[in-house]
Amino acid sequence: MTFKAPDSLAEQIAHHLAERIIRGEMKPGERIQEQKVTLALNVSRGSVREALLILERRHLIAILPRRGAHVTELTPHKVQSLCTLMSELYILLGNAVANGWQVQSDMAPFVQIQQRLTASYERGDIRSFVDDSFAVMRAAYPFANNPYLQETVENLQPAMSRAYFLALEQRKAEMSEFLELFERLLAAVLARDLPQIRIVLTAYAQRSCDLVVSALTVA
């Protein structure tokens, strides 16, 4: 991956390192040395320190006294805990859309995402499929109008991306199941059926969790 000097330096450094962690190029427990990052990217040490704090907030690294920054471990317990929390956050977003849409055109972004998911499924493009799965929650942000909810989801999303990346191949066989769940979710949102929204999103989160834990076991 080519690093480009950005406007928001710390965020871009964090994104660069996050991508390496998510793709597994930086292994669990691996130490991140500030000086090496500074020299490799030709940036200031202060910017690297700020980037590491961003990554810690996003649960990709841990910064320990006298031990520095290390890539966090992925364990079945952590994955289950993350999926349980994300499930509740997704439900809040789903309920916000169900309660907030007024005309059919309000749902257009979700229909477009559904079309992209279908196209990714037909191409067998797992990574685009996963990316658009996260696009669903971002399309819901305006309906929730809750900056704290949005910030929380965004801070957790890299950790979820890391877990999903590990299970990409396992997800390939499940893409049709996830498409069906999304169709059920859209129907529940249109019907403003909050109990059904909970059922669908809980099932989605649990199935995702099972795939990631399975991948961890194989690894």
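Being a predicted model, the structure only gives us computed values, none of them experimental. (Residues numbered from 1 in each chain as written. Predicted model: local features only at pLDDT ≥ 70, side-chain atom pairs only at ≥ 80, totals over all residues. Heavy atoms only, no water.)

**Q** If you had to explain the overall build of the chain to someone new, which residues and values would you point to?
**A** Counting its secondary structure elements, the chain contains 10 helices and three strands. Counting from the amino terminus, the chain carries its helices and strands in the arrangement α-β-α-α-β-β-α-α-α-α-α-α-α. Since a compact globule built from 219 residues should have a radius of gyration of about 17 Å, the 18 Å found for the chain is in line with a globular shape. For the chain, the spread of C-alpha atoms along the three principal axes comes to 55 × 40 × 35 Å. The buried share of the chain, reckoned over its 219 residues, is 44%. When contacts within the chain are restricted to residue pairs at least 6 apart in sequence, those whose partners lie at least 24 apart make up 71%. When the accessible area of the chain is evaluated, it comes to approximately 11,600 Å², of which 52% is carbon and sulfur surface. For the chain, the separation between the mean place of its 24 positive charges and that of its 24 negative charges on side chains is 8 Å. (Helix = DSSP H or I, 4+ residues; strand = E, 2+ residues; numbered from the N terminus. Rg over C-alpha atoms; globule rule 2.2 N^0.38 Å. Buried < 20%, exposed > 50% of the residue type's maximum accessible area, 1.4 Å probe, protein only. Contact = heavy atoms within 4.5 Å. Areas by Shrake-Rupley, 256 points an atom, 1.4 Å probe, with all protein chains shown as cover. Lys, Arg positive; Asp, Glu negative; His and termini not counted. Charge placed at Lys NZ, Arg CZ, Asp CG, Glu CD.)

**Q** Could you give me a rundown of the pairing of strand β3 (residues 68–71), with the residues and numbers involved?
**A** Side-chain positions along a regular strand alternate between the two faces of the sheet. Relative to β3, strand β1 (residues 31–32) is paired through two bridges, and the arrangement is antiparallel. Residue pairing across strands places Arg-31 opposite His-70, the latter belonging to β3. Note that strand β2 (residues 61–64) and β3 share four bridges and pair antiparallel. By the bridge assignment for β3, Leu-64 is matched with Gly-68. If you look at the hairpin formed by β2 and β3, you'll find three residues sitting between the two strands, and Arg-66 has a positive phi there, around 65°. (Pairing = 2+ DSSP bridges.)

**Q** A description of unusual backbone geometry should follow, citing residues and the corresponding values.
**A** The phi dihedral of Asn-145 is positive, around 50°, even though this residue is not glycine. Within the secondary structure layout, Asn-145 lies in the loop between α6 (126–144) and α7 (147–166). Taking relative accessible area as the criterion, Asn-145 reaches 67% and is therefore assigned exposed. Positioned with a positive phi, Arg-192 is a non-glycine residue whose angle comes to about 55°. Assignment of secondary structure puts Arg-192 in the loop between α9 (175–190) and α10 (194–218).

**Q** A description of the side chain of Asn-155 should follow, citing residues and the corresponding values.
**A** The residue Asn-155 is located in helix α7 in this model. Once you skip the residues sitting within four places of it in the chain, Asn-155 turns out to touch Arg-57, Arg-58 and His-59.

**Q** Could you give an account of the packing of α9 against α10, naming the residues involved and the relevant values?
**A** Interhelical geometry of α9 versus α10 gives an angle of 160° and a closest axis separation of 9 Å. Compared by their axis directions, α9 and α10 come out roughly antiparallel. The two elements α9 and α10 cross, and the hand of that crossing is left-handed. Seen from α9, the contacting residues are Glu-177, Phe-178, Leu-181, Arg-184, Leu-185, Ala-188 and Val-189; seen from α10, they are Gln-196, Ile-197, Ile-199, Val-200, Leu-201, Ala-203, Tyr-204, Arg-207, Ser-208 and Leu-211. Among the residues forming the contact of α9 with α10, the class breakdown is 12 nonpolar, two polar and three charged. (Axes fitted to C-alpha atoms, helices over the stretch in contact; angles between N-to-C directions. Parallel < 35°, antiparallel > 145°, perpendicular 65-115°, else oblique. Left-handed = near helix turned anticlockwise from the far one by under 90°. Nonpolar A, V, L, I, M, F, W, Y, C, P; charged D, E, K, R; others polar.)

Treat this as a map of the structure, not an account of what it does.
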